[in-house]
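# Descriptive structure summary
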Amino acid sequence: MKYISTRGNSPALSFTEILLGGLAPDGGLYLPEHYPQFSDADLNAMRAMSYADLAYTILSRLIDDIPAGDLRAIVDKTYTAEVYRHVRAGQNADDITPVLKLEEDFYLLSLSNGPTLAFKDMAMQLLGNLFEYVLAKKGQTTNILGATSGDTGSAAEYAMRGKQGIRVFMLSPHQKMSRFQTAQMFSLQDANIHNIAVKGVFDDAQDMVKAVSNDHHFKARHKIGAVNSINWARVAAQIVYYFKGYFAVTHDNRQQVSFAVPSGNFGNVCAGHVARMMGLPVAKLVVATNENDVLDEFFRTGVYRPRGSANTYHTSSPSMDISKASNFERFVFDLLDRDGAKLRSLWASVDAGGAFDLNQDGHFAKVPAFGFVSGSSNHAQRMTTIRQVHADYGVTIDTHTADGVKVAQQYREPGVPMVVLETALAAKFEDAIVEALGSAPERPADLVGLESLPQRFVVMEPDVDGIKQFISEHI
Ligand SMILES: *Cc1c(COP(=O)(O)O)cnc(C)c1O
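Scoring rules and cut-offs
Residues numbered from 1 in each chain as written. Predicted model: local features only at pLDDT ≥ 70, side-chain atom pairs only at ≥ 80, totals over all residues. Heavy atoms only, no water. Core = buried A, V, L, I, M, F, W, Y, C linked by side-chain atoms within 4.5 Å. Buried < 20%, exposed > 50% of the residue type's maximum accessible area, 1.4 Å probe, protein only. Helix = DSSP H or I, 4+ residues; strand = E, 2+ residues; numbered from the N terminus. Contact = heavy atoms within 4.5 Å. Near = heavy atom within 4 Å. Polar contact = N/O pair within 3.5 Å; in protein donor to acceptor, adjacent residues only side chain to side chain. Areas by Shrake-Rupley, 256 points an atom, 1.4 Å probe, with all protein chains shown as cover. Nonpolar A, V, L, I, M, F, W, Y, C, P; charged D, E, K, R; others polar. UniProt positions renumbered as here; feature names shortened; annotations may be inferred. Pairing = 2+ DSSP bridges. Axes fitted to C-alpha atoms, helices over the stretch in contact; angles between N-to-C directions. Phe/Tyr/Trp six-rings, centres within 6.5 Å; stacked < 30°, edge-to-face > 60°. Salt bridge = Lys/Arg side-chain N within 4 Å of Asp/Glu carboxyl O. Parallel < 35°, antiparallel > 145°, perpendicular 65-115°, else oblique.

### Looking at the nonpolar core
- Among the nonpolar cores identified, the biggest contains 129 residues, and Trp232, Phe243, Phe259, Phe266 and Phe328 are the most heavily contacted of them.
- Looking at this core, the element that brings in the most residues is helix H10 (residues 232-249), giving 13 residues.
- Setting aside its immediate chain neighbours within four residues, Phe259 contacts Tyr242, Tyr246, Leu280, Val282, Lys284, Leu285, Val286, Met418, Val419 and Leu421.
- Ranked by size, the runner-up nonpolar core spans 23 residues in total, among them Leu100, Ala260, Val286 and Val420.

Below, the structure is given as structure tokens:
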């Protein structure tokens, strides 16, 4: 399997060749040159598989340059009940991503049972083990540079801490993450983890990462790698739980299932798109945004109009506070029948601070055929949804999942199971839960007292030269 760039101007490469990088040299994102197909018979064989078996079955179709036995061992080491231990009472950690039935045809898919209580652990733990394996094979080291609005950073750091040959430089918006998120990241004392708090919003931090990555000389010299959501291996890992969730709520493959996905950078729901393209019987992919509704605007109007940082709001579902959806380019590439030249012209206007409109040449009319629909949510609706779900089902959900549940309700159809992806546990966003329910959510015992641990971080202006200098001084 070779990987090609959405912008059509980079050589096709194998999985391990793109694993450690970020953007393709032409500024595009990598996608497999074709999507492997799972037939009805394949799906039948996969239906009863354990999570690790399912992950191996899917990933081995996307990764052909890691020997089968080695890939198997990496997957087995990653998807264990011990790593994904923070399940609700009554759920089985061996399922890795158990479903929770709220009512008939309405489910939560629990993706946030890993070390940092957010779905990003699902992919990041695999990435940590893949990186360690590939770097050891090649005799190389890497310096991971990333930007986070909260959950990516902690998931990356918990996946990479103490790993040989890997250093992490993680930028986050200064004082804009929850106390829990901040403590989770900044309390890590591992020598290979560097936390950098940037005075600005998430996009300022992300722009710094992009600027460093576009300096090809600096990037090569300092062996800069990426784990942000554009990394293909993360998307690949996330494909697996759409299959797992599908099998958990159906009896046979004739049934269709809809998935509602709290979305920011479009990485999670992009994996749902790929799962559907591989043959998973998906009815709808419901893109749920918060007040930062750039994606909802596109799926309603056909206009993609990224915002500036002045128009990016700090919300109570902060891990979705983005102004441009990095992974969206992957879907648009498929929507354009993989026309790299056309995509380049669209992103030339986006990268120059503009917008594009896909109504003109009929591309927007094809969106429903891909299953996508959307909606947005605001703070008051999140609070109402958290209260409703608590009252109706006795289940406490976090603010991001609440955005998903709120929008999912608009798109439920009789006889079609709707599965809402639970992207974080409520314990991670305590203040918002106290506001909604009047009391703090239960916190896993191993994380009690997290906020009083000593913190290790530096504060920096949103300055590209500053971060370059910091990296040079710390490698
Ligand atoms: C990252 C994140 C999201 C958004 O996921 P994308 O893949 O960026 O769309 C939603 N909820 C939580 C809790 C997250 O951490």
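### Quick notes on the site of the ligand
- Around the ligand, 15 residues are found, and the nearest of them are Lys120, Asp151, Gly264, Asn265 and Asn268.
- Gly264 is positioned with one of its backbone polar atoms (N or O) 2.8 Å from an oxygen atom of the ligand.
- With the chains in place, 97% of the 380 Å² that the ligand exposes on its own is no longer accessible.
- Class assignment of the residues belonging to the shell around the ligand gives a composition of five nonpolar, eight polar and two charged.

### Notes on the UniProt feature "modified residue: N6-(pyridoxal phosphate)lysine" (unreviewed entry) in the protein
- With numbering matched to this structure, UniProt assigns "modified residue: N6-(pyridoxal phosphate)lysine" (unreviewed entry) to Lys120.
- Within the secondary structure, Lys120 sits in helix H5 (residues 120-138).
- Among all residues touching Lys120, those that are not within four sequence positions of it are Asp151, Thr152, Ala155 and Arg234.

### Quick look at the sheet that holds strand E3 (residues 99-103)
- Read from one edge of the open sheet, six strands run E3-E4-E14-E9-E10-E13, paired in mixed fashion. In the strand order of this sheet, the two ends are held by E3 and strand E13 (372-376), each with one partner. Adjacent strand axes in the sheet meet at a mean angle of 25 degrees, parallel and antiparallel pairs treated alike.
- Two strands pair when backbone bridges link them, and strand E9 (residues 257-262) and strand E10 (residues 282-289) are joined in this way by five bridges, in the parallel orientation. Each residue of the ladder has a partner; that of Val261, found in E10, is Val287.
- Each of E3, strand E4 (106-110), E9, E10 and strand E14 (418-422) is contacted by H10, which is oriented at about 135 degrees to E9, the strand it contacts most.

### What about the packing of aromatic side chains?
- One pass over the structure, following the stated rule, counts 29 aromatic pairs.
- An angle of 40 degrees between the planes, with centres 6.4 Å apart, marks the rings of Phe328 and Phe331 as tilted. One end of the pair, Phe328, and the other, Phe331, are both in helix H13 (residues 328-335), three residues apart, so they sit about a helical turn from each other.
- Given the relative accessible area of 0%, Phe331 is considered buried.
- With 5.4 Å between their ring centres and 85 degrees between their planes, Phe331 and Phe370 make a pair best called edge-to-face.

### Structural notes on the pattern of salt bridges
- As enumerated under the stated definition, the model contains 28 salt bridges in all.
- Salt-bridge contacts for Arg72 lead to Asp76; the nearest nitrogen and oxygen are separated by 2.9 Å. Residue Arg72 and its partner Asp76 are both found in helix H4 (residues 68-78); the two are separated by four residues, about one turn of the helix.
- Taking relative accessible area as the criterion, Arg72 reaches 25% and is therefore assigned partly exposed.

### A closer look at helix H18 (residues 464-473)
- Every buried residue of H18 is listed here: Gly466, Ile467, Lys468, Phe470 and Ile471.
- Structurally, the start of H18 carries an N-cap: the backbone nitrogen of Asp465 is 3.2 Å from a side-chain oxygen of Asp463.

### Considering the packing of helix H15 (residues 379-393) against helix H17 (residues 430-437)
- Between H15 and H17, the shortest axis-to-axis distance is 9 Å and the interhelical angle comes to 70 degrees. Taken together, the axis directions place H15 and H17 in an arrangement best described as roughly perpendicular. From H15, His379, Met383, Ile386, Arg387 and His390 reach across to H17, where they touch Ala432, Ile433, Glu435, Ala436 and Leu437.
- Of the residues belonging to the contact of H15 with H17, the class tally is six nonpolar, two polar and two charged.

### Side note on the side chain of Glu422
- Along the chain, the position of Glu422 falls in strand E14.
- Beyond its immediate chain neighbours, meaning those up to four positions away, Glu422 contacts Arg88, Leu108, Leu109, Ser110, Leu111, Ser112, Phe119, Thr396, Ile397 and Thr401.

### Remarks on the UniProt feature "domain: Threonine synthase N-terminal" (unreviewed entry) in the protein
- The sites that UniProt annotates as "domain: Threonine synthase N-terminal" (unreviewed entry) are residues 2-79.
- The span residues 2-79 shows a helical share of 41% and a strand share of 8%, and its end C-alpha atoms are spaced 26 Å apart.

### Focus: unusual backbone geometry
- In this model, Asp105 sits at a positive phi of 60 degrees, which is unusual for a non-glycine residue.
- If you trace the backbone, Asp105 turns up in the loop between E3 and E4.
- Phi is positive for Leu117, which is not a glycine, with a value near 65 degrees.
- Tracing the sequence through the fold places Leu117 in the loop between E4 and H5.
- The class of Leu117 is buried, set by a relative accessible area of 0%.

### Details of the sheet that holds strand E8 (residues 224-225)
- Pairing is parallel in the open sheet, where five strands are placed in the order E8-E5-E6-E7-E15. In the strand order of this sheet, the two ends are held by E8 and strand E15 (458-460), each with one partner.
- Pairing of strand E5 (residues 142-147) with strand E6 (residues 166-173), which is carried by six bridges, proceeds in the parallel orientation. Paired with Thr142 across the two strands is Ile166, which belongs to E6.

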